[in-house]
Amino acid sequence: QVQLVESGGGLVQAGGSLTLSCTVSGIIFAIGPVAWYRQAPGKERELVARITGGSSTNYVDSVKGRFTISRDNAANTVYLQMNSLKPEDTAVYYCNYALGNYWGKGTLVTVSS
């Protein structure tokens, strides 16, 4: 059974940092792309960052220069380092494993002004 478990969310002041983790089990992790999405209240889910099996990355424009996605294949884990957080980054952040389109349950990030 494939499982994705996110952690690391919480409450932080604007300008602060958080690191999210997504640990994947039940699948050959090293092959597939993994992405972080987020969904703010009243808004559609959006792609935040994506990393391929070869560790190529891409980001939505609003987080470029502030967020960094990385992966540790030995630990079956993908990270999202988030710096210089803004109130508009407040959302539930979800991890997605593209091969098979598996999703985690999400972790809430709240940025106070």
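Let me begin by describing the structure that accompanies this report. Worth saying up front: this structure is predicted, and the values here are computed from it rather than measured. (Residues numbered from 1 in each chain as written. Predicted model: local features only at pLDDT ≥ 70, side-chain atom pairs only at ≥ 80, totals over all residues. Heavy atoms only, no water.)

All right, on to the pattern of salt bridges then. The full count for this structure, using the stated rule, is four salt bridges. Of the charged contacts in the structure, one is a salt bridge between D89 and R38, with a shortest N-O distance of 2.9 Å. One end of the pair, D89, is in the loop between β8 (77–82) and β9 (91–97); the other, R38, is in strand β4 (residues 34–39), and 51 residues separate them in sequence. Residue classification places D89 among the buried residues on the basis of a relative accessible area of 0%. D61 is the salt-bridge partner of K64, the closest N and O atoms lying 3.0 Å from each other. The class for D61 is exposed, based on a relative accessible area of 60%. (Salt bridge = Lys/Arg side-chain N within 4 Å of Asp/Glu carboxyl O. Helix = DSSP H or I, 4+ residues; strand = E, 2+ residues; numbered from the N terminus. Buried < 20%, exposed > 50% of the residue type's maximum accessible area, 1.4 Å probe, protein only.)

Turning our attention to the environment of M82. Note that M82 resides in strand β8. For M82, a relative accessible area of 0% corresponds to the buried category. Sequence-distant contacts of M82, that is, excluding residues within four places in its chain, are made with G16, S17, L18, L20, R66, F67, Y93 and V109. (Contact = heavy atoms within 4.5 Å.)

Further remarks concern the pairing of strand β5 (residues 46–51). Consecutive side chains of a regular strand alternate in pointing toward one face of the sheet and then the other. Inspection of the sheet shows β4 paired to β5 by five bridges, in the antiparallel sense. Within the sheet, the bridge partner assigned to Y37 lies in β5 and is L47. Taking the residues between adjacent antiparallel strands as the criterion, β4 and β5 are bridged by six residues, where G42 takes a positive phi near 75°. What sits between β5 and strand β6 (residues 57–59) in their antiparallel hairpin is a turn of five residues, with S55 showing a positive phi close to 70°. (Pairing = 2+ DSSP bridges.)

We now examine the state of the cysteines. Tallying each qualifying case throughout the model produces one disulfide. Across the disulfide, C22 is cross-linked to C95 (sulfur-sulfur distance 2.0 Å). Here the S-S torsion is close to -85°, and the disulfide linking C22 with C95 is therefore left-handed. Within this pair, whereas C22 is found in strand β3 (residues 18–25), its partner C95 is found in strand β9, the two being separated by 73 residues in sequence. On the accessibility criterion, C95 (0% relative accessible area) is buried. (Disulfide = S-S within 2.5 Å.)

Further remarks concern the sheet that holds β3. The sheet built from four strands is open, its strands ordered β1-β3-β8-β7 with antiparallel pairing. The open sheet has two free edges, formed respectively by β1 (3–7) and β7 (67–72), since each of these has just one partner strand. Neighbour-to-neighbour, the strand axes of the sheet open up by a mean angle of 15°, direction not taken into account. Bridging between β1 and β3 involves five bridges; their strand directions are antiparallel. Across the sheet, Q3 pairs through a bridge with S25, a residue of β3. (Axes fitted to C-alpha atoms, helices over the stretch in contact; angles between N-to-C directions.)

To continue, consider the packing of aromatic side chains. One pass over the structure, following the stated rule, counts one aromatic pair. Its end group placed over the ring of Y94, R45 keeps NZ or CZ at 3.8 Å from the ring centre. Across from the ring centre of W103, 4.7 Å away, lies the NZ or CZ of R45, which sits over that ring. (Phe/Tyr/Trp six-rings, centres within 6.5 Å; stacked < 30°, edge-to-face > 60°. Lys NZ or Arg CZ within 6 Å of the ring centre and 35° of its normal.)

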